[in-house]
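Architecture and fold: a report
Listed below, chain by chain, are the residues.
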Amino acid sequence: FNSLNQSIDEAYKMTLNARLGGELKFKTYMFRAGFNFMGSPYVKDFIVDESGKPIRNWRMTPSLGVGYRDKGFFLDLSYLHSFGNSFHVPYTLEDPNIGVPLALNKITNGQVVATVGFKF
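No experiment lies behind these values; they were computed from the predicted model shown. (Residues numbered from 1 in each chain as written. Predicted model: local features only at pLDDT ≥ 70, side-chain atom pairs only at ≥ 80, totals over all residues. Heavy atoms only, no water.)

**Overview of unusual backbone geometry**
Positioned with a positive phi, Lys27 is a non-glycine residue whose angle comes to about 45°. Positionally, Lys27 belongs in the loop between strand E1 (17–26) and strand E2 (29–38). (Helix = DSSP H or I, 4+ residues; strand = E, 2+ residues; numbered from the N terminus.)

**Examining a positive patch on the surface**
On the surface, a cluster of positive charge is made up of Lys13, Lys44, Lys53 and Arg56. Relative to the helices and strands, Lys13 resides in the loop between helix H1 (2–11) and E1. Overall, Lys13 belongs to the partly exposed group, its relative accessible area being 43%. (Patch = residues over 30% accessible without salt bridge, like charges linked within 9 Å, V, L, I, M, F, W, Y side chains within 5 Å. Areas by Shrake-Rupley, 256 points an atom, 1.4 Å probe, with all protein chains shown as cover. Salt bridge = Lys/Arg side-chain N within 4 Å of Asp/Glu carboxyl O. Lys, Arg positive; Asp, Glu negative; His and termini not counted. Charge placed at Lys NZ, Arg CZ, Asp CG, Glu CD. Buried < 20%, exposed > 50% of the residue type's maximum accessible area, 1.4 Å probe, protein only.)

**Digging into the confidence of the model for the protein chain**
A residue-level look at the protein chain finds 98% of positions with pLDDT of 70 or above and a mean pLDDT of 89. Ranking the helices and strands of the protein chain by mean pLDDT puts E2 first, with 97, and H1 last, with 87. (pLDDT = per-residue confidence, 0-100.)

**Section: the sheet that holds E1**
Taking strand neighbours across the sheet as the criterion, the five strands line up as E1-E2-E3-E4-E5 in an open arrangement whose pairing is antiparallel. A single partner strand is all that each edge strand has here, and the edge strands are E1 and strand E5 (103–118). The sheet shows a mean angle of 10° between the axes of neighbouring strands, direction not considered. As judged from the eleven bridges shared by strand E3 (residues 58–70) and strand E4 (residues 73–88), these two strands associate in the antiparallel manner. The partner of Arg59 across the bridge, within E4, is Gly84. (Pairing = 2+ DSSP bridges. Axes fitted to C-alpha atoms, helices over the stretch in contact; angles between N-to-C directions.)

**So, the packing of aromatic side chains**
In total, this model carries seven aromatic pairs according to the counting rule given. Seen from their ring centres, Tyr29 and Tyr68 are 5.2 Å apart, and the 55° between their planes marks the pair as tilted. Separated by 39 residues along the polypeptide, Tyr29 in strand E2 and Tyr68 in strand E3 bring together distant segments of the chain. Taking relative accessible area as the criterion, Tyr29 reaches 47% and is therefore assigned partly exposed. We classify Tyr68 as partly exposed; its relative accessible area is 24%. (Phe/Tyr/Trp six-rings, centres within 6.5 Å; stacked < 30°, edge-to-face > 60°.)

**Notes on the pattern of salt bridges**
Applying the stated criterion to the full structure yields three salt bridges. Among the salt bridges present, the one from Asp76 reaches Arg69, with a minimum N-O distance of 3.4 Å. Arg69 gets classed as partly exposed once you look at its relative accessible area, which sits at 32%. Linked through salt bridges whose partners overlap, the residues forming this network are Glu23, Arg32, Arg69 and Asp76.

**Here's the deal with the pairing of E4**
Between E3 and E4, which follow one another and run antiparallel, lie two residues, and Lys71 among them has a positive phi close to 50°. Relative to E5, E4 is paired through 16 bridges, and the arrangement is antiparallel. The residue bridging Leu75 from the neighbouring strand is Val116, located in E5.

**Points about the environment of Asp70**
The topology assignment puts Asp70 in strand E3. On the basis of relative accessible area, Asp70 is assigned to the partly exposed category, the value being 29%. Distance from Asp70 to Tyr29, taken between C-alpha atoms, is 8.8 Å for residues 41 residues apart in sequence. A distance of 3.4 Å separates polar atoms of two side chains, one belonging to Asp70 and the other to Tyr68. (Polar contact = N/O pair within 3.5 Å; in protein donor to acceptor, adjacent residues only side chain to side chain.)

See the structure below:
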């Protein structure tokens, strides 16, 4: 398995995935903010575009939210906005002289998340 482990080491590295958030609570109302960063697990020059420039794979997601809790009832509403870059390699070829098929993705995604609940 030495050659397999070496090929994995050549493609992947340690990465930084971090989340940070906070909440202000006023009796029955809450206000939240957060930030999520997901770094690339790939070695810097693992995948390059047609011009030879390395493709960075990362995603950031800031979020804002409000909440209400009173007498066993709660309602939370949040907005998350993700953006970043990624790529997808559906398959690889054994001939190193032939480039890999590659799909480049520019991520922009907004989500509204609502939660309603009752405690009993």
